[in-house]
Amino acid sequence: MATQLTAFVMVTQRASSQLTAAMLGLLALLREVGGEVVVAGPRIHPGPGEVPDMKGVRWTSSGSEEPFAAYAAGLGLLDRGLSWGRIVLLDDSFVALDPGQLLESLDAAPELDVASLTMVVRPRPRLHTNWIAFRGARTLQRSLFFDWWGQAEGVSERTLSDRCAASGLRAGSVFRPDRAQCILAVCRALAWGVLPLEVPAAGPYAGNPDVALDLDPRIYLWDELMVRYGIVYLELLRYRAHRINVEPFRVWLAANPAAAALVEEALHSQS
Amino acid sequence: MAWQDTAVVLAHFSRRGRLAQYLAEFVDFLAPRVGRFVFVSTGLAEQGAGYLQGKVRLVVRENVGYDFWSYKVGIDALGDLGAFRQVWILNSSFLILDPSTLCRRMLDVDHARDVIGITTSNEHLPHVQSYSVLFQGPRIIQSAAFSSWWSRMVPISDRIQVILQYELGLSRHFVSAGFRLGSAFAVNRQEALQAILRSIDVRDLRIPPGGTGTFYLDPTQGYGLNPTQYCCERLLADLRIVKLELIRSKLTKLDLRDLLARLTTNRHDRELYEDALSD
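Attention in this report is confined to the structure presented alongside it. Since we're looking at a predicted model, the values are computed, not measured.

1. As for the overall build of chain B
Piece 1. Across its full length, chain B holds 13 helices and 12 strands.
Piece 2. Relative to its length of 279 residues, chain B is compact, with a C-alpha radius of gyration of 19 Å against a globular reference of 19 Å.
Piece 3. Along the three orthogonal principal directions, the C-alpha set of chain B runs to about 65 × 45 × 35 Å.
Piece 4. Considering chain B as a whole, with its 279 residues, one finds that 55% of them fall into the buried category.
Piece 5. A separation threshold of at least 6 residues defines the contact pool for chain B, and within that pool the share at least 24 residues apart is 73%.

Structure follows, in structure tokens:
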């Protein structure tokens, strides 16, 4: 990983200041990489004994349930005078089964000023802010970066891509599904009734891989992300909103008890 | 409902020697309605044997040769088949929630075929899945092919060899003798395509590499996929059966939550399901 002055702002929506084992594991690695690490959340009580005693980690409460308010609160603790190489925002909506793998993504797609791990491309580009890096002097030395977060209307995931475009920043995702992955995502959505399946009376079924641009890779390509970046999104397991088949992941967890324990704890911590 | 022209062989296996509740209900329904019913078990305990007494002819045999050897022992125990128009062999590997529905779909219908499964599969080669096989019509029951198939059988205790030689072999044997295969449950084109999609989902089928633009899937390829897995929900809805290996083990990586929800909707089904799982 390239040596750059890096700050991490981790947001937790947990009901207490105590982090899960998965988050503590990730945090431990972030401390080694980062010049500064801040943990923010609506229910953080930063006092001694209230939060895990981790050297080099600062804690702050946003006082608001809004995740972006927590990002803003965390960014507010960073020293604006430093020459940050990158500032990474992350939340607790996923479990990092292999934090090292996830951190390697920070050096990918160097042409991007704002690089999320994943995004949905259509109908409008939407960068996922579960893990997103703002990179380079061009992005971070502008006062607008910090000003964004201080504005009354704030920033949201929905408006982030537009703001980047308006500011002339190159924004995109590190994970870009290839053709096979696009087909896999579309097949999954068709298989489980998320997309309508219209079967031709004769001849082969013709599918459009570009439909994957409408689909959330965190859900429809969950296993690709797990293999490549060592993460899994809790939403995949918590809800059936996406209707897709998570049995292979359950099978995998059954064979990997240490990972299963991390996921189980993370799931319960947010329920 | 009566099928006095039908002989039945049920091959029973239970590690604990139990007679599952669903099998007891199946016997109670079918045994009084058919001409002959042989129940072959590889180790039924006293309680189950007592329950069956007077209802079926019970044969308890050594646990060798898998279900096909039980079929063979049962066919032999049936004796003269001259009085029968149908011979139905089935095993205890699938949960029967409603014997009436299954029996009517199998036995009340002139299938216009000779060897009829509940399901067929094209996996390896087109074949009747051997958990349930109906031989229909005197033409096949009285045939040399029928008697030679059973008389030449020897017990095989290697599961893969049983599948290759006996499950696939049975269909191959009768087709080569001029008989026709059929099934009570037919996979439609939509289900065949959905089976392909689900198979891709769990990576049993691979996405062809390369190419640009539109991708194509041939629905007929789906007929080669196991319907007891990929069409389990409609099998449950239409024939009221489900393969136990599907819900008992991690045979499949498919999401079975809808299936399990349906299985546990009414009390009777839930009781049969829970009882079967307890084995």
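2. Digging into the sheet that holds strand 10 (residues 171-173) of chain A
All names here are of chain A.
Piece 1. Spatially, seven strands are ordered 3-2-1-4-9-6-10 in an open sheet, and the strand pairing comes out mixed. Every interior strand has two partners, whereas the edge strands, strand 3 (57-61) and strand 10, have only one. Averaged over all adjacent pairs, the angle separating strand axes in this sheet is 20°, with direction ignored.
Piece 2. In the sheet, strand 4 (residues 86-91) pairs with strand 9 (residues 131-135) via five bridges, with the strands oriented antiparallel. Pairing of Arg86 across the sheet is with Arg135, part of strand 9.
Piece 3. Across the sheet, helix 2 (residues 67-76) lies against strand 1 (6-11), strand 2 (36-41), strand 3 and strand 4, angled at about 145° from strand 1, the strand it touches most.

3. Quick notes on the nonpolar core
Piece 1. Ranked by size, the top nonpolar core spans 130 residues in total, and within it A:Trp131, B:Leu30, B:Phe37 and B:Trp88 carry the most contacts.
Piece 2. The element contributing the most residues to this core is helix 7 (residues 179-191) of chain A, with nine residues.
Piece 3. One finds B:Val59, B:Tyr71, B:Phe84 and B:Val128 within the second-largest nonpolar core, a separate group that totals 33 residues.

4. A short note on the side chain of A:Ser269
Residue and element names in this part refer to chain A.
Piece 1. Here Ser269 lies in helix 12 (residues 257-269).
Piece 2. At 2.9 Å, the side chain of Ser269 forms a polar contact with the backbone oxygen of Ala266.
Piece 3. Those residues in contact with Ser269, other than ones at most four positions away along the chain, are Arg14 and Thr20.

5. Some words on the sheet that holds strand 10 (residues 181-183) of chain B
All names here are of chain B.
Piece 1. Spatially, 3-2-1-4-9-6-10 is the arrangement adopted by the seven strands of the open sheet, whose pairing is mixed. Since the sheet does not close on itself, it has two edges, and those belong to strand 3 (57-60) and strand 10, each with one partner. Neighbouring strand axes in the sheet, compared pairwise and without regard to direction, differ in orientation by 20° on average.
Piece 2. Bridge analysis of strand 1 (residues 3-12) against strand 4 (residues 86-91) gives six bridges, and the strand direction is parallel. Residue pairing in the sheet places Val9 in a bridge with Ile89 of strand 4.

What counts, and where the lines are drawn
- Residues numbered from 1 in each chain as written.
- Chains lettered and ligands numbered in written order.
- Predicted model: local features only at pLDDT ≥ 70, side-chain atom pairs only at ≥ 80, totals over all residues.
- Heavy atoms only, no water.
- Helix = DSSP H or I, 4+ residues; strand = E, 2+ residues; numbered from the N terminus.
- Rg over C-alpha atoms; globule rule 2.2 N^0.38 Å.
- Buried < 20%, exposed > 50% of the residue type's maximum accessible area, 1.4 Å probe, protein only.
- Contact = heavy atoms within 4.5 Å.
- Pairing = 2+ DSSP bridges.
- Axes fitted to C-alpha atoms, helices over the stretch in contact; angles between N-to-C directions.
- Core = buried A, V, L, I, M, F, W, Y, C linked by side-chain atoms within 4.5 Å.
- Polar contact = N/O pair within 3.5 Å; in protein donor to acceptor, adjacent residues only side chain to side chain.

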